[in-house]
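A look at the structure
So the chains spell out like this:
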Amino acid sequence: AEYAPQSWSTPASTNYLQLDLALSGFLPLYELVAESGYNLFSLYLAGYTSVDGIIGLGNDARKGIPYLVSQQFGGLERRSGLGGSVRGLGSHWGDGVLKWVANVELRCNLPAFLDPNLYFGALLFVDAGAYLDPPGMPEGASFRSGFLMSSGLGVYLDFLGLGTLAVYSNFMLNAPNSQG
């Protein structure tokens, strides 16, 4: 949660409360490990979901919410908004005072090499998200709310548990356009 009262904020017109809830998890489906402890093959599901709500406070609640806040998921760790969380969707798409995202991946870790924590993998994914009521959007505009979905595949290198380098190819299942 984040609270930005008007008296403490810059610019002075900022006045909002942001609430965020996120859940993630992994479900091992199959694992084959060598006697040395190196991964030979593993398959698992990975999932993430988050909902983010922003409440404008004060006399004109809609003007108290900065665009930057509507473009991100809040909480202790900031995460990009739907443009960035739904793979393949351009930055700053799907801004809103209410946002939801879900990511599901089927990951396949290939044999480890040189070190048990150094391995390549492949994944299939489906991402979905919804948004409602971006700040500053005129009444009756076609992009006041929406549902976005993509799917795709990728390959990755997990580098000693320190980070992952991934390359994705995706397809927007319901691509937004200028006509809504």
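Residues numbered from 1 in each chain as written. Predicted model: local features only at pLDDT ≥ 70, side-chain atom pairs only at ≥ 80, totals over all residues. Heavy atoms only, no water.

Digging into a nonpolar patch on the surface
The criterion, for reference: Grouping into patches uses exposed residues only, defined as over 30% relative accessible area, and leaves out salt-bridged ones; the cut-off is 9 Å for like charges and 5 Å for nonpolar side chains (Val, Leu, Ile, Met, Phe, Trp, Tyr). Under the convention used here, a 1.4 Å probe and the Shrake-Rupley method define accessible areas, while residue burial counts only the protein chains that appear. By definition, a salt bridge exists where a carboxyl oxygen of Asp or Glu is found within 4 Å of a side-chain nitrogen of Lys or Arg. Per the convention used, a helix needs a DSSP run of H or I reaching at least four residues, while a strand needs a run of E reaching at least two, with both numbered from the N terminus.
Together, Leu 27, Leu 29, Tyr 30, Leu 32, Leu 40, Leu 45, Val 104, Leu 106, Leu 124 and Leu 153 give the surface a local cluster of nonpolar side chains, amounting to about 840 Å² of exposed area. Those elements that provide at least two residues to the nonpolar patch are strand E2 (16-33), strand E3 (39-56) and strand E6 (98-113). The dominant element in the nonpolar patch, judged by the number of residues it contributes, is E2, at 4 residues. Relative to the assigned elements, Leu 27 resides in strand E2.

Some words on the pairing of strand E7 (residues 115-132)
Quick note on the threshold: In this analysis, strands are considered paired if DSSP registers two or more bridges between them.
The pairing of E6 with E7 spans 14 bridges and is antiparallel. Following the sheet pairing, Asn 103 is matched in E7 by Asp 127. Where E6 hands over to E7, the hairpin turn is made up of 1 residue, of which Leu 114 adopts a positive phi near 65°. As defined by bridge partners, E7 adjoins strand E8 (residues 145-159) across 15 bridges and the pair is classed as antiparallel. Across the sheet, residue Leu 123 finds its bridge partner in E8, namely Gly 154.

Brief notes about the pairing of E8
Bridge count between E8 and strand E9 (residues 163-172): 10 bridges; the pairing is antiparallel. Across the sheet, Ser 151 pairs through a bridge with Phe 171, a residue of E9. Joining the antiparallel neighbours E8 and E9 is a turn of 3 residues, in which Leu 160 adopts a positive phi near 55°.

Brief notes about the layout of surface pockets
Quick note on the threshold: A 1.4 Å probe that fits into a set of points on a 1 Å grid over the protein atoms alone but cannot get out defines a cavity; an open set with protein on both sides within 12 Å along at least five of seven lines defines a pocket, and lining residues are those with an atom within 4 Å of a point. Grid points are joined across faces, edges and corners, and a volume is the space filled by probe spheres set on the points. Charged residues are taken to be Asp, Glu, Lys and Arg, nonpolar residues to be Ala, Val, Leu, Ile, Met, Phe, Trp, Tyr, Cys and Pro, and polar residues to be all remaining types, Gly included.
For the largest pocket, the calculated volume is near 280 Å³. If you trace the largest pocket, you find 13 residues lining it, with Gly 47, Tyr 48, Arg 79, Glu 105 and Arg 107 closest to the centre. Among the elements of the structure, E2, E3 and E6 are those that each provide at least two residues to the lining of the largest pocket. Looking at the lining of the largest pocket residue by residue, the class counts come to 4 nonpolar, 5 polar and 4 charged.

Describing the nonpolar core
Inclusion rule: The nonpolar core is taken to be a set of buried Ala, Val, Leu, Ile, Met, Phe, Trp, Tyr and Cys residues, with the residues joined through side-chain atoms within 4.5 Å. The classification of residues rests on relative accessible area computed with a 1.4 Å probe and restricted to protein chains. Under 20% of the type maximum is buried, over 50% is exposed, and intermediate values are partly exposed.
Counting 8 residues, the largest nonpolar core consists of Phe 73, Leu 82, Val 86, Leu 89, Val 101, Tyr 131, Leu 148 and Met 172. Formed by 6 residues, the second largest nonpolar core is a distinct cluster that contains Ala 4, Tyr 16, Ile 54 and Val 97.

Concerning the packing of aromatic side chains
Our working definition: Only centres within 6.5 Å qualify two rings of Phe, Tyr or Trp (six-membered ring in Trp) as a pair; their planes then separate them into stacked at under 30 degrees, edge-to-face at over 60, and tilted for everything else.
With the rule as written, the count across this model stands at 4 aromatic pairs. Between the aromatic rings of Phe 26 and Tyr 44, the centroid separation amounts to 5.9 Å while the plane-to-plane angle is 65°, which identifies the pairing as edge-to-face. Placement of the pair is Phe 26 in strand E2 and Tyr 44 in strand E3, with a sequence separation of 18 residues. A relative accessible area of 59% means that Phe 26 is categorised as exposed. Note on Tyr 30 and Phe 41: the rings are 6.0 Å apart at their centroids and 50° apart in plane angle, and the pair reads as tilted.

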